[in-house]
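Observations on the three-dimensional arrangement
Chain residues, written in single-letter form:
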Amino acid sequence: MIVLVANLGSTSLKFKLYETSADESLTALASGAADRIGQGGSAWKVSGSEATREGQADFADHQAAIAALLAEMPAVGFGDSSRIDAIGFKAVHGGPISGAVRVDQDVIDTMTSFSDLAPAHNPPYIAAMKAFAQLLPDAWQVAAFETAFHQSIPMARQVYGIPYDWTEQGVRRYGFHGASNAYIARRMQQIRPEAKRVINLHLGGSCSACAIKAGQSVANSFGTTPQTGILHAARVGDFDMYALLKLRGMGLSVDDVLSQLGKQGGLLGISGVSADMRDVQKAASEGNERAQLAVDAFVESCRHYIGAYAVALGGVDALVFTGGIGQHNIRIREAVCRDLAFLGIRLDETTSAGADGNAETLVSRKNSDVEVWVIPTDEEQVVARQTLEVLAGSASAT
Ligand SMILES: Nc1ncnc2c1ncn2[C@@H]1O[C@H](COP(=O)(O)OP(=O)(O)O)[C@@H](O)[C@H]1O
Ligand SMILES: CC(=O)OP(=O)(O)O
Ligand SMILES: [Mg+2]
């Protein structure tokens, strides 16, 4: 069976094509990625059995990137897309639908009803599901929602201080980045089974912290929506919603406020330069004070959750960096870990600076009580397995 996994991140497109064998192992046949979706100047790459092709382009949205990258498939050795049996989507907000389910009209309608809560994520997935249904009408479609891994979070960390009937209607912390956290939790159990208390920082266009105890999520910095928590590329992160009153007084409608918090916030909002950390750091190094402030605020929000989750876990055995920034950004790792020796966290700056972000690397010093790891996440592998489980009829949607 051939499965295509589509990962439409808030700033990126990633996909992998797998072939499954009788022993259920997954062989990657091809992969592709494009960054800076909607920002201009995307770097893209497609690799297959015969070749790798890469280039630069402006992709206005995920649809444009999907079309361009799929058009490269014959050139890298995967000619016939009608061979694709199933498409697994790393879908984000399904509200009451959690876990992996076959995509049908009900799933699309539910995702549509939650588009307001996940405006950077649900609309591109819905558009991609519809586009693939036209392009590959015979392929099964599965949506693997990001919230499933976080169902183990204790209620005291799920509820907000709101009237309880709101909670009962679903206004609670769900947690997202489930595929990535599930992957990191499993890898850490394989690499360091004795590390029972793990803080995972998934830092990309969307950013989150997760407290993982004995392989299970016990806290996640996202909330009812993936807009909150650590500040994101262009989304607000944690925010006092009573500031809405001040903003209304400044003449903004609620729709204006929500749109700006979701598209003009985060790194972009503070710096005024870019939603991409690389650009913001470059501007900061050239003396742009607001860009430096954006970097500092980002680092502070990561450190805030390290402190909170060290308490939630009753101590920390391992701190993991993953996601585009977590894997590749040396200066952010250094700033996040600075002066945390009192928590037992001692980064080895030299090893960290030399780490290949695409390889698992221990980057803490020998005398660090907490091991610090760079672990490339593999959300696509998690979604591929969930997709196969659904197709085998063994997955449960809750
Ligand atoms: N090779 C790289 N070197 C430095 N930074 C990178 C690299 N790749 C990605 N990033 C950073 O990662 C972020 C995007 O991360 P990613 O995990 O792809 O985001 P998302 O899935 O949320 O769209 C950008 O801010 C970018 O600066
Ligand atoms: C919340 C979420 O799934 O984030 P990303 O943008 O990384 O896909
Ligand atoms: Mg992502």
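Residues numbered from 1 in each chain as written. Chains lettered and ligands numbered in written order. Predicted model: local features only at pLDDT ≥ 70, side-chain atom pairs only at ≥ 80, totals over all residues. Heavy atoms only, no water.

1. Description of the domain arrangement of the chain
- Per the domain assignment, the segments of the chain are domain 1 (2-145) and domain 2 (193-374).
- One C-alpha centre belongs to domain 1, the other to domain 2; they are set 26 Å apart.
- On the side of domain 2, 13 residues touch domain 1, which itself brings twelve residues to the contact.
- Approximately 830 Å² of surface area, both sides summed, lies buried where domain 1 meets domain 2, with 48% of it carried by carbon and sulfur atoms.
- Across the domain 1-domain 2 interface, the total number found is three salt bridges.
- Between aspartate 279 and arginine 36 there is a salt bridge, with the nearest N and O atoms lying 2.7 Å from each other.
- Inspection of the domain 1/domain 2 interface yields six residue pairs in polar contact (both at pLDDT 80 or more). (Domains from an automatic or database assignment. Contact = heavy atoms within 4.5 Å. Buried area = accessible area lost by both parts, 1.4 Å probe. Salt bridge = Lys/Arg side-chain N within 4 Å of Asp/Glu carboxyl O. Polar contact = N/O pair within 3.5 Å; in protein donor to acceptor, adjacent residues only side chain to side chain.)

2. What about the packing of aromatic side chains?
- Using the criterion set out here, one finds four aromatic pairs in the structure.
- Look at phenylalanine 89 and tyrosine 125: their rings are 6.4 Å apart centre to centre, the planes differ by 85 degrees, and that puts the pair in the edge-to-face class. Here phenylalanine 89, found in strand E6 (residues 86-89), pairs with tyrosine 125, found in helix H4 (residues 122-135); they are 36 residues apart in sequence, far enough to count as distant. By the burial criterion, phenylalanine 89 is buried, and tyrosine 125 matches it. (Phe/Tyr/Trp six-rings, centres within 6.5 Å; stacked < 30°, edge-to-face > 60°. Helix = DSSP H or I, 4+ residues; strand = E, 2+ residues; numbered from the N terminus. Buried < 20%, exposed > 50% of the residue type's maximum accessible area, 1.4 Å probe, protein only.)

3. Quick look at the pattern of salt bridges
- Within this structure, the stated rule accounts for 14 salt bridges.
- Glutamate 379 is paired through a salt bridge with lysine 90; the nearest N and O atoms lie 3.6 Å apart. Linking glutamate 379 in helix H16 (residues 379-391) with lysine 90 in the loop between E6 and strand E7 (100-102), this pair joins segments that are 289 residues apart in sequence.
- Taking relative accessible area as the criterion, glutamate 379 reaches 7% and is therefore assigned buried.
- Arginine 365 is paired through a salt bridge with glutamate 349; the nearest N and O atoms lie 3.1 Å apart. Of this pair, arginine 365 sits in the loop between strand E13 (361-362) and strand E14 (371-374) while glutamate 349 sits in helix H15 (residues 349-354); the two residues are 16 residues apart in sequence, bridging distant segments of the chain.
- Note on arginine 365: relative accessible area 39%, which makes it partly exposed.
- The class of glutamate 349 is partly exposed, set by a relative accessible area of 35%.

4. A closer look at the site of ligand 1
- What surrounds ligand 1 is a group of 15 residues, the closest being Thr11, Ser12, Gly205, Ser206 and Asp276.
- Serine 10 is positioned such that a nitrogen or oxygen atom in its backbone is 3.4 Å from an oxygen atom of ligand 1.
- Between ligand 1 and isoleucine 325 there is a distance of 3.2 Å, counted from an oxygen atom to a backbone nitrogen or oxygen.
- For ligand 1, whose accessible area on its own is 580 Å², the fraction buried by protein is 81%.
- If you list the elements that add at least two residues to the shell around ligand 1, you get helix H11 (277-285) and helix H13 (323-328). (Near = heavy atom within 4 Å. Areas by Shrake-Rupley, 256 points an atom, 1.4 Å probe, with all protein chains shown as cover.)

5. Quick notes on the UniProt feature "site: Transition state stabilizer" (unreviewed entry) in the chain
- Feature annotation in UniProt places "site: Transition state stabilizer" (unreviewed entry) on His177 and Arg235, given in this structure's numbering.
- Note on placement: histidine 177 falls in the loop between helix H6 (164-168) and helix H7 (178-191).
- Apart from residues no more than four positions distant in its own chain, histidine 177 is found in contact with Glu146, His150, His202, Ser206, Cys207, Ser208, Phe222 and Glu379.
- The class of arginine 235 is buried, set by a relative accessible area of 2%.
- Aside from chain neighbours lying at most four places away, what touches arginine 235 is Ser10, Ala120, His121, Gly205, Ser206, Phe222, Pro226, Gln227, Leu261, Gly262, Gly265 and Gly266. (UniProt positions renumbered as here; feature names shortened; annotations may be inferred.)

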